[in-house]
Amino acid sequence: MPTQLVKDDIASLVDGLNFAQKVERSLDLINDSFAKFGERMVVANSLGKDSVAVWHLAKRVSPRIRGFIVTTRYKPAETVQFMHEEMARFPELKVFRNDDPQPDKLYLADPDQCCNNLKVQPARQAIEEMGVDCWVTGLRCTEGRTRTDFLEIEERDEGLLKLNPILLWQEREVWQYLALHQVSVNPLYAQGYRSLGCAPCTQITSGPDERAGRWLGTSKCGGECGIHTRPLKVSLSA
Ligand code: SF4
């Protein structure tokens, strides 16, 4: 198991490790967690570049590793098409979605509530239904202002470990990995998007902050949907 890092180590290792060392570290983190949790370790796949890199790493560790996708009624057509292609390639990806009625254009009036309904709730459902004790994400500490405070291994929810195996990777290294392994990516990147989400809440931007195009023009700009910040291990049957 790679040494558990503290916050100061993370900042220095983003530049201190080279690409090959980071890939090796990520594989070790996934391998060790899979050895410990087996089928109860599951990869979250948002269909963005970071997720497909983590999914590829996980498949190198074991083809048995399962994953889940949270989708919403507002995903762009390109993402929906890419999701179906990924599901055809990997039947072990399970899709979760909340189709309950909600106010029209809630994403304008209350994006936090909209994200809670359409993203956080299905993620909770995935954690419960798939019997997850460890979930694996594509979160990176250099993505934007809200992503600087995470660790590679965390237990923000009691009884639910969270593994962020590419936390140290730079954006360039993700693209480097995907190119080297010829991994298929969401076609929206070819249009100029750098961070992908629901259509009404995602725009093309440039500049240093990768997530600046998310919820642009709202107080949630560059922020989080809640999957990484809200409790996921809650009993939905209660
Ligand atoms: S990203 Fe926008 S449309 Fe999607 S769930 Fe969040 S607020 Fe709703």
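Structure report, in brief.

Calculation rules
- Residues numbered from 1 in each chain as written.
- Predicted model: local features only at pLDDT ≥ 70, side-chain atom pairs only at ≥ 80, totals over all residues.
- Heavy atoms only, no water.
- Core = buried A, V, L, I, M, F, W, Y, C linked by side-chain atoms within 4.5 Å.
- Buried < 20%, exposed > 50% of the residue type's maximum accessible area, 1.4 Å probe, protein only.
- Helix = DSSP H or I, 4+ residues; strand = E, 2+ residues; numbered from the N terminus.
- Contact = heavy atoms within 4.5 Å.
- Near = heavy atom within 4 Å.
- 1 Å grid on protein atoms, 1.4 Å probe; cavity = no way out; pocket = protein on both sides within 12 Å on 5 of 7 lines; lining within 4 Å.
- Sits in = over half its atoms within 2 Å of the grid points.
- Nonpolar A, V, L, I, M, F, W, Y, C, P; charged D, E, K, R; others polar.
- Salt bridge = Lys/Arg side-chain N within 4 Å of Asp/Glu carboxyl O.
- Phe/Tyr/Trp six-rings, centres within 6.5 Å; stacked < 30°, edge-to-face > 60°.

Comments concerning the nonpolar core
Across soluble globular proteins, you tend to see nonpolar side chains buried next to one another. Formed by 32 residues in total, the largest nonpolar core has its most connected members in Met41, Leu57 and Tyr177. Those elements that place two or more of their residues in this core are helix 2 (19–37), strand 1 (41–44), helix 3 (49–61), helix 4 (77–89), strand 4 (134–136), strand 6 (160–163) and helix 7 (171–180). Take this core: its biggest share by element is 7 residues, from helix 2. Residue contacts for Tyr177: discarding those within four places in its chain leaves Phe19, Val23, Ala53, His56, Leu57, Arg60 and Trp169.

Considering the site of the ligand
Around the ligand, the neighbouring residues are Tyr74, Tyr107, Pro111, Cys114, Cys115, Leu118, Lys119, Cys198, Cys201 and Trp215. Of all the cavities here, the one that holds the ligand is the second largest cavity. Looking at the shell around the ligand element by element, the count peaks at 5 residues for helix 6 (residues 111–129). Among the residues forming the shell around the ligand, the class breakdown is 9 nonpolar, no polar and 1 charged.

Quick word on the pattern of salt bridges
Applying the stated criterion across every chain, the model contains 22 salt bridges. Residue Arg140 pairs with Glu210 through a salt bridge whose shortest N-O separation is 2.6 Å. Of the two residues, Arg140 sits in the loop between strand 4 and strand 5 (153–157) while Glu210 sits in the segment after helix 7, which places them 70 residues apart along the sequence. Of the two residues examined, Arg140 and Glu210, each falls in the buried class. By sharing partners, the salt bridges in this structure join Lys49, Asp50, Arg140 and Glu210 into a single network.

Thoughts on the packing of aromatic side chains
Inspection of the entire model under this criterion finds 6 aromatic pairs. Ring plane angle 65 degrees and centroid distance 6.1 Å describe the contact between Phe19 and Trp169, whose orientation is recorded as edge-to-face. Taken together, the positions of Phe19 in helix 2 and Trp169 in the loop between strand 6 and helix 7 put the pair 150 residues apart, joining distant regions of the chain. Judged by relative accessible area, Phe19 falls into the buried class, the value being 17%. Where Tyr74 meets Tyr107, the ring centres are 5.0 Å apart and the plane angle is 80 degrees; that geometry is what we call edge-to-face. Note that Tyr74 is positioned in the loop between strand 2 (66–70) and helix 4 and Tyr107 in helix 5 (residues 106–109), a separation of 33 residues in sequence.

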